[in-house]
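Chain and residue survey
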Amino acid sequence: QVQLVESGGGKVRAGASLSLSCAASGRTLSTYAMAWYRQTLGKKREFVAAISWNGGTTYYADSVQDRFFISRDNYRSMVHLQMNSLKPEDTAVYYCAADRGDLVQLITAGTFGSWGQGIEVRVSA
């Protein structure tokens, strides 16, 4: 397994931008599909964005399409989530996830094997 640590969260006003980062240790990220999920209190964790091992394919939830952008730097073993035009409904704890499996299957089943501890993002109106 790979160890994941998120950073970059915080509190912003609606309309602002925020960038999250996920740093990996233990193993190189270059063979892992990566994703971001988020969860609010009392709700199920939901998919936000994902990227293939080589960065060639990305997927986004409809709710963040064209506002959030996922990228990766395999050399530095990091994944980033650029969040623009933030809305109060984006408030959540955001989790980074990694796995070597098929990306579509991982997203569908939510079965990423490695997860970070999560980082809070708060968007005020």
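Check the entry above for the structure.
Notes on the structure in this doc start here. (Residues numbered from 1 in each chain as written. Predicted model: local features only at pLDDT ≥ 70, side-chain atom pairs only at ≥ 80, totals over all residues. Heavy atoms only, no water.)

The tendency in soluble globular proteins is for nonpolar side chains to be buried side by side. One finds Met34, Trp36, Leu81, Met83 and Tyr94 to be the most contacted residues of the largest nonpolar core, which totals 40 residues. Going through the elements one at a time, β3 (18-25), β4 (33-39), β5 (46-51), β7 (68-73), β8 (78-83), β9 (92-99), α1 (103-109) and β11 (119-124) are the ones with two or more residues in this core. (Core = buried A, V, L, I, M, F, W, Y, C linked by side-chain atoms within 4.5 Å. Buried < 20%, exposed > 50% of the residue type's maximum accessible area, 1.4 Å probe, protein only. Helix = DSSP H or I, 4+ residues; strand = E, 2+ residues; numbered from the N terminus.)

Attention shifts here to the side chain of Arg72. Here Arg72 lies in strand β7. No salt bridge is formed by the buried Arg72; the nearest opposite charge belongs to Asp73, separated by 8.2 Å. There is a polar contact of 2.7 Å between the side chain of Arg72 and the backbone oxygen of Ser52. Within the local environment of Arg72, its side chain forms a polar contact with the backbone oxygen of Trp53, the two atoms lying 3.3 Å apart. For Arg72, the residues in contact, after removing those within four places along its chain, are Leu29, Ser30, Tyr32, Ala33, Met34, Ile51, Ser52, Trp53, Asn54, Gly55, Met78 and Val79. (Lys, Arg positive; Asp, Glu negative; His and termini not counted. Salt bridge = Lys/Arg side-chain N within 4 Å of Asp/Glu carboxyl O. Polar contact = N/O pair within 3.5 Å; in protein donor to acceptor, adjacent residues only side chain to side chain. Contact = heavy atoms within 4.5 Å.)

This model, assessed by the stated rule, comprises one disulfide. Covalent S-S linkage joins Cys22 and Cys96, the inter-sulfur distance amounting to 2.1 Å. Residues Cys22 and Cys96 are joined through a disulfide that is left-handed, its torsion about the S-S bond being -85°. A residue pair is termed long-range when its members are at least 10 positions apart, and Cys22 in strand β3 and Cys96 in strand β9 qualify at 74 residues. Overall, the relative accessible area of 0% leaves Cys22 in the buried class. (Disulfide = S-S within 2.5 Å.)

This part covers the pattern of salt bridges. Oppositely charged side chains can form a pair if their charged atoms are brought close together. Here the structure, examined in full by the defined rule, presents five salt bridges. As a salt-bridge pair, Asp90 and Arg67 come within 2.8 Å of each other at their nearest N and O atoms. Taken together, the residues Asp90 in the loop between β8 and β9 and Arg67 in the loop between β6 (58-60) and β7 connect sequence positions 23 residues apart. Neither residue differs from the other here; Asp90 and Arg67 are each classed as buried.

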